[in-house]
Amino acid sequence: MGRGKLRIYVGAAPGVGKTYAMLSEAHRRVERGTDCVVAVVEHHGRPRTEVMLHGLEQVPRQELGYRDTVFTEMDVRAVLARRPEVALVDELAHTNIPGSANTKRWQDVEELLAAGIDVVSTVNIQHLESLGDVVESITGVRQQETVPDEVVRRADQIELVDMSPQALRRRMAHGNIYKSDKVDAALSNYFRPGNLTALRELALLWVADRVDAYLKQYRSEHHVSKIWGSRERIVVGLTGGPEGRTLIRRAARLAEKGAGGEVLAVYIARSDGLTSASPKELAVQRTLAEDLGGTFHHVVGDDIPAALLDFARGVNATQIILGSSRRKSWQYVFGPGVGATVARESGPDLDVHIVTHDEVAKGRGLPVARGARLGRSRVVWGWLVGVVGPAVLAVLLNTVHLGLANDMLLFLTLTVAAALLGGLLPALASAAVGSLLLNYFYTTPLHRWTIADPRNIVAIAIFVAVGVSVASVVDLAARRTHQAARLRAESEILSFLAGNVLRGETGLEDLLERVRETFGMESAALLERESDVAPWTCAGRVGLGRPLERPEEADVDMPVGDHMALALTGRVLPAEDRRVLAAFAAQSAVVLDRTRLQEKADRAGTLAEGNRIRTALLAAVSHDLRTPLAGIKAAVSSLRSDDVAWSEEDRAELLEGIEEGADRLDHLVGNLLDMSRLQTGTVTPLIREIDLDEVVPMALGGVPEDSVELDVPEALPMVAVDAGLLERAAANLVENAVKYSAPGDTVLVSASAIADRVEVRVVDRGPGVPDDAKERIFEPFQRYGDAPRGAGVGLGLAVARGFTEAMGGTLTAEDTPGGGLTMVLTLRAAGTRPELQHAVPPERQAT
């Protein structure tokens, strides 16, 4: 039984019609005879969506109790027992009620897919985990319910449900999304035109990137080399010279003019070196390209134009930007240059732009096209001089005979010229042709291939020897130059690689991607195994090639020790490239080890923090909790004593002491338990819409009646919080403020609305806290100043911040004007993110 297929409807915001589209698809499948059931669909009281459920079989949901309330969730086991062909699962990013089989709904979907059931689901773009920071910068609040990007990317089909911001706001105003009492708040907060436009752009771009990935995979599988200009993708050819910055900026401006434009800056490192390349300048250009939204690529290639065109076609580019040549005019005798070669060989699918700059004709720019060690143009000229030159010279000397010695010197000059230009083979050919022509035309007997005079034999032999010697010297020099330049190119790559790895700037996948790009491979993977008989496992992989189970299946494999190997697919590498590949392999192992060591260090840090908390808890139990227990025991022992006749006033005072000690003990134990829940991550807020004036007054029960002034306007917007956690957080803040206030001073608790947030301020006139201690007071077991031991164990503020952040809010400290400390508790207003209110049916908002 194979894995089921996943289809996801993606939208930019609640109300665009994802659920409606999913139900329409279900009706189409049912009409075709497909066994389709509704596993879970939230219609949120929308009549049109609710009507679409008619005629579809619905699997009963399971009921779960949580905090004295019964909720319903998708019954995964019932769906698996029913085994339909297709199951509809709404709101992929939804967080299940505690007690469910899985924490997240996407994990339920994974179970259905693993059982061979096709799933159709929905998700909003703001729920993708990688976009959390972007969505927060747009809406001003942090997304709590998220789904890993990889879960959505693995979907077999992704369909965008799009709607313009104006149309969506009209739907909202007509009451088609939320109830009428929430429309105004939604339109002025989350559903502002700017928010919707930005979220729509995010959705369109994300889906476009996914489509681009599908396109790359299709082109790779079907070996399509022709460029498909589905979007503007601009490749910038860099030399390492200062003109690169101009080229990158020009490419960025061109990309902005086209929808979804992308800039890819590429530096081709030749094996014979590039003298004008500056590592420092390349680093600056890399930063510039990334700052402008592009990417930087480093590729090794002997033939610069061919490597540049291969890269451009490989990424399905539509344009190439090159700078005007920095070579002097006389240097053009060696060839047309990279720009002209790329323009000539680009074909009709690639547009080539030659951009002028301040460095034109000031020095060597992009090098000429390279073939052999001496360059393609030089080799061609060498063959022309070595083969055609002697024939032309022979024709000229037949008209003007200068004598054998002079004729031989002229032929020798052509042989030396052929050696200087083309190397060994053209020089050998020139020597052979020249010697034959000298023998035939200028040595007796004439016009015959025999030599009568032995002195002529010696002269021709010397002629050939000189030609071969000069050619050998030139070829050896070219070989040494080639080797030195290649070593320089390798050293530049290794220096860049080592620097990034040592600084910890490169992760394993980034490093493997660099390997794949550098050697032009389809995929790169780091395989490892625990022993010689254990199976190989993949520690990291990039590219679109076939998955590898063993190094032997790869086109190239480079062992790293006994139980690790770097495996590449795509082509067989020459032996001279394996030095650099070995360095990449060793660095890959280093990066993997560093990542695992970091994970172990993080776990050790967590354990150390846990030990610190446990030690502090024991200290609190042994010291701070002993005081109220000792007071209670002493008072009880006194009351039970028969030796003293206590008056009613004394008995009342002792009972009051017992009550105060019990209250203090209850408060301390409560904070200890709350801190333990925060440290173990078991605090699960039940988010619902409430009014602050319903919760904040309840937080004042633990302080004297006249010690707090309350200013919470009734007109404030509702907040999306857990009422119990908010009450505990506010109570701790108020108690802390009262504790450090002077006798007779009043603590002010006020609330106000700012944009899409609501702030609660607890203001005291106490001694205040220095700036360098404002963050430290929120750490567990911290008590500021000379607070007595009976003042508590120092957990109140730590618990308050933990509860606040669990609800998606923030808690900070700032100075009170005139002296004192103000605690600022910031909460999100209800309606700014209604999709997070997943635990309050039927008012639960759409995702």
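So, how was this worked out
- Residues numbered from 1 in each chain as written.
- Predicted model: local features only at pLDDT ≥ 70, side-chain atom pairs only at ≥ 80, totals over all residues.
- Heavy atoms only, no water.
- Helix = DSSP H or I, 4+ residues; strand = E, 2+ residues; numbered from the N terminus.
- Contact = heavy atoms within 4.5 Å.
- Areas by Shrake-Rupley, 256 points an atom, 1.4 Å probe, with all protein chains shown as cover.
- Salt bridge = Lys/Arg side-chain N within 4 Å of Asp/Glu carboxyl O.
- Buried < 20%, exposed > 50% of the residue type's maximum accessible area, 1.4 Å probe, protein only.
- pLDDT = per-residue confidence, 0-100.
- Pairing = 2+ DSSP bridges.
- Core = buried A, V, L, I, M, F, W, Y, C linked by side-chain atoms within 4.5 Å.
- Polar contact = N/O pair within 3.5 Å; in protein donor to acceptor, adjacent residues only side chain to side chain.
- Axes fitted to C-alpha atoms, helices over the stretch in contact; angles between N-to-C directions.

> I'd like a description of the overall build of the chain, backed by residues and values.
A count of helices and strands for the chain gives 24 helices and 24 strands. A separation threshold of at least 6 residues defines the contact pool for the chain, and within that pool the share at least 24 residues apart is 71%. A total of about 40,500 Å² of accessible surface is found on the chain, and carbon and sulfur atoms cover 55% of it.

> Give a description of the pattern of salt bridges that names residues and reports values.
When the charged atoms of two side chains lie near each other, side chains of opposite charge can form a pair. Applying the stated criterion across every chain, the model contains 24 salt bridges. The partner of Arg-105 in a salt bridge is Glu-73, with the nearest N and O atoms 3.3 Å apart. In this pair, Arg-105 is assigned in helix H4 (residues 105–114) and Glu-73 in strand E5 (residues 69–73), connecting sequence segments 32 residues apart. With a relative accessible area of 1%, Arg-105 lands in the buried category. For Arg-550, the salt bridge goes to Glu-553, with nearest N and O atoms at 3.9 Å. Take Glu-553: its relative accessible area is 28%, and that puts it in the partly exposed class.

> Mind laying out unusual backbone geometry, listing which residues take part and the relevant values?
Despite not being glycine, Arg-83 has its phi angle at roughly 50°, a positive value. Along the polypeptide, Arg-83 turns up in the loop between helix H3 (76–82) and strand E6 (86–89). Phi at Glu-91 takes a positive value of approximately 55°, unusual for a residue other than glycine. Relative accessible area serves as the criterion here: at 2%, Glu-91 is assigned to the buried category.

> Could you give me a rundown of the confidence of the model for the chain, with the residues and numbers involved?
In this model, the chain carries a mean pLDDT of 77, and residues with pLDDT of at least 70 account for 77%. By mean pLDDT, the top-scoring element of the chain is E6 (93), and the lowest-scoring one is helix H8 (residues 180–188) (64). Low pLDDT, under 50, characterises residues 272–276; the stretch is placed with 18 contacts to residues that sit more than four places away or in other chains. Across residues 363–372, where pLDDT falls below 50, the model places 39 contacts with residues more than four positions away in sequence or in other chains.

> So what's going on with the sheet that holds strand E2 (residues 36–40)? Which residues, and what values?
Strands sit in the order E3-E2-E6-E7-E1-E8 across an open sheet of 6 strands; the sheet is parallel. Edge positions in the open sheet fall to strand E3 (57–58) and strand E8 (157–161), since each of these has one partner strand only. Two strands pair when backbone bridges link them, and E6 and strand E7 (residues 118–124) are joined in this way by 4 bridges, in the parallel orientation. Bridge pairing in E7 links Ala-87 to Val-119.

> Pulling in residues and values, what's your account of the side chain of Arg-29?
Along the chain, Arg-29 falls in helix H1 (residues 18–31). By relative accessible area, which is 13% here, Arg-29 ends up buried. Not counting the four nearest positions on each side in its chain, Arg-29 is found in contact with Arg-7, Thr-34, Val-86 and Val-120.

> Go over the nonpolar core with me, naming the residues and quoting the values.
Within the largest apolar cluster, 42 residues are counted, with the highest numbers of intra-cluster contacts made by Leu-692, Leu-726 and Met-823. Of all the secondary structure elements, the ones that give two or more residues to this core are helix H22 (692–695), strand E20 (719–721), helix H23 (723–739), strand E21 (747–754), strand E22 (757–763), helix H24 (796–806), strand E23 (810–815) and strand E24 (821–828). Filtering out sequence-adjacent residues up to four positions away, Leu-726 remains in contact with Ile-690, Leu-692, Val-695, Val-721, Met-807, Leu-825 and Leu-827.

> Tell me about the environment of Lys-104, residues and numbers included.
Within the secondary structure, Lys-104 sits in the loop between E6 and H4. In this structure, the C-alpha to C-alpha distance between Lys-104 and Thr-146, residues 42 residues apart in sequence, is 9.1 Å. At a separation of 3.3 Å, a polar atom in the side chain of Lys-104 contacts the main-chain carbonyl oxygen of Ala-93.

> Tell me about H4, residues and numbers included.
Turn by turn, an α-helix covers 3.6 residues, leaving residues three or four places apart pointing in a common direction. The buried fraction of H4 amounts to 7 of the 10 residues, a majority that puts the element mostly inside the structure. What H4 keeps buried is the set Arg-105, Trp-106, Asp-108, Val-109, Glu-110, Leu-112 and Leu-113. Positive backbone phi, at 90°, marks Gly-116, one or two positions downstream of H4.

> Could you give me a rundown of the sheet that holds strand E13 (residues 351–355), with the residues and numbers involved?
Spatially, the 5 strands line up as an open sheet ordered E11-E10-E9-E12-E13, and their pairing is parallel. In this open sheet, the two strands that pair with only one neighbour each are strand E11 (295–300) and E13. Between one strand and the next, the sheet's axes are offset by a mean angle of 25°, whatever the strand orientation. Note: strand E9 (residues 233–238) against strand E12 (residues 319–323), 3 bridges, orientation parallel. Within E12, the residue paired with Val-236 across the bridge is Ile-321. Along the sheet face, helix H10 (residues 244–257) touches E9, strand E10 (262–269), E12 and E13 and points at about 175° away from the line of E9. On the sheet, helix H13 (residues 338–345) packs against E12 and E13 and is oriented at approximately 160° with respect to E12.

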